[in-house]
Amino acid sequence: AIMVHFLGGGTMHFYRDLWWFSWVVHLINSFLIATIIYGMLLRHCKYQSKFFMFLTTVAFTALVGVVWEVCEFAIDTTTGSNMQRFNNSVTNVAFIGRRALLDTMVDLMMDTLGGIMAGLYFAYASIQGKPLYKFFELKYVKADTNISYHEDLNEEPEQLINPHSAINPGSP
């Protein structure tokens with residue numbers, strides 16, 4: 001996430017050239033952060049209500065966004081950079097009023113939206129009985145077909161196909 005920010009935004013000037021780049025980066029990164037937060041909550045607070053899990057996920061995701069914006073402010077203040085886009089990137093003229101706050105406010109809205117999207121997704125998934133680990137779970141192919149997914153991991157390991165043995169059946 002930070003590499004996309006610095007390489008895409010800083011080195012390749014996507015923040016300057018693509019007006020929507022910051023929105024997408026903040027939305028995707030906050031969704032990923034919300035996923036981590038929800039996973040930690042699920043591990044440590046799994047008997048809480050779905051609403052508590054959703055609200056806490058959104059709140060902590062927004063908090064991470066606020067901390068990021070404070071870090072941008074500190075970097076801009078100490079180095080003279082323009083991470084918060086308070087200056088025009090081409091002319092370096094300072095924006096005035098609401099325009100000077102626009103980048104920070106939209107970033108915080110995208111962070112919150114990413115947290116809401118992830119929180120709603122995981123709350124819905126848990127209501128449907130799909131635990132969080134299913135979101136990241138690798139699927140195994142059943143031994144009797146090439147196209148169906150292995151749903152029951154309680155079967156004996158010998159019944160599962162080793163993906164490397166399909167290429168070379170004689171390999172261990």
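The structure this text deals with has already been given above.
Described in the following lines is the structure provided in the data block. Everything quoted here is computed from the prediction, not taken from an experiment.

1. A word on helix α3 (residues 21-44)
For α3, which comprises 24 residues, the first-to-last C-alpha distance of 35 Å matches the rise-based estimate of 34 Å (1.5 Å per residue) to within 8%. If you check which residues of α3 are buried, you get Phe21, Ser22, Val25, His26, Asn29, Ser30, Ala34, Thr35, Ile37, Tyr38 and Leu41.

2. Observations regarding the packing of α3 against helix α4 (residues 50-79)
The interhelical angle for the contact between α3 and α4, taken along N-to-C directions, is 130°, at an axis separation of 9 Å. Between α3 and α4, the angle is such that the two are oblique. Every pair of crossing elements has a handedness; the one defined by α3 and α4 is right-handed. Contacts from His26, Ser30, Ile33, Ala34, Ile37, Tyr38, Leu41 and Leu42 in α3 reach Met53, Thr56, Thr57, Phe60, Thr61, Val64, Trp68 and Glu69 in α4.

3. Describing the packing of α4 against helix α5 (residues 98-127)
Two numbers describe how α4 lies on α5: the axes approach to 8 Å, and their chain directions differ by 155°. Viewed along their axes, α4 and α5 adopt a mutual orientation that is roughly antiparallel. Where α4 crosses over α5, the handedness of that crossing is right-handed. Side by side, α4 and α5 meet where Lys50, Phe54, Thr57, Val58, Thr61, Ala62, Gly65, Val66, Glu69 and Glu72 of the first sit next to Asp103, Thr104, Asp107, Leu108, Asp111, Thr112, Gly115, Ile116, Gly119, Leu120, Ser126 and Ile127 of the second.

4. Concerning the nonpolar core
With seven residues, the main nonpolar core is built from Ala34, Ile37, Tyr38, Leu41, Met53, Ala118 and Phe122. Residue assignment for this core shows that the elements contributing at least two residues are α3 and α5. Per-element tally for this core: the top contributor is α3, with four residues. If near-sequence neighbours (up to four positions away) are discounted, Ala34 is found in contact with Thr57, Thr61, Gly114, Gly115 and Ala118.

Conventions and cut-offs
- Residues numbered from 1 in each chain as written.
- Predicted model: local features only at pLDDT ≥ 70, side-chain atom pairs only at ≥ 80, totals over all residues.
- Heavy atoms only, no water.
- Helix = DSSP H or I, 4+ residues; strand = E, 2+ residues; numbered from the N terminus.
- Expected span 1.5 Å × (residues − 1).
- Buried < 20%, exposed > 50% of the residue type's maximum accessible area, 1.4 Å probe, protein only.
- Axes fitted to C-alpha atoms, helices over the stretch in contact; angles between N-to-C directions.
- Parallel < 35°, antiparallel > 145°, perpendicular 65-115°, else oblique.
- Left-handed = near helix turned anticlockwise from the far one by under 90°.
- Contact = heavy atoms within 4.5 Å.
- Core = buried A, V, L, I, M, F, W, Y, C linked by side-chain atoms within 4.5 Å.

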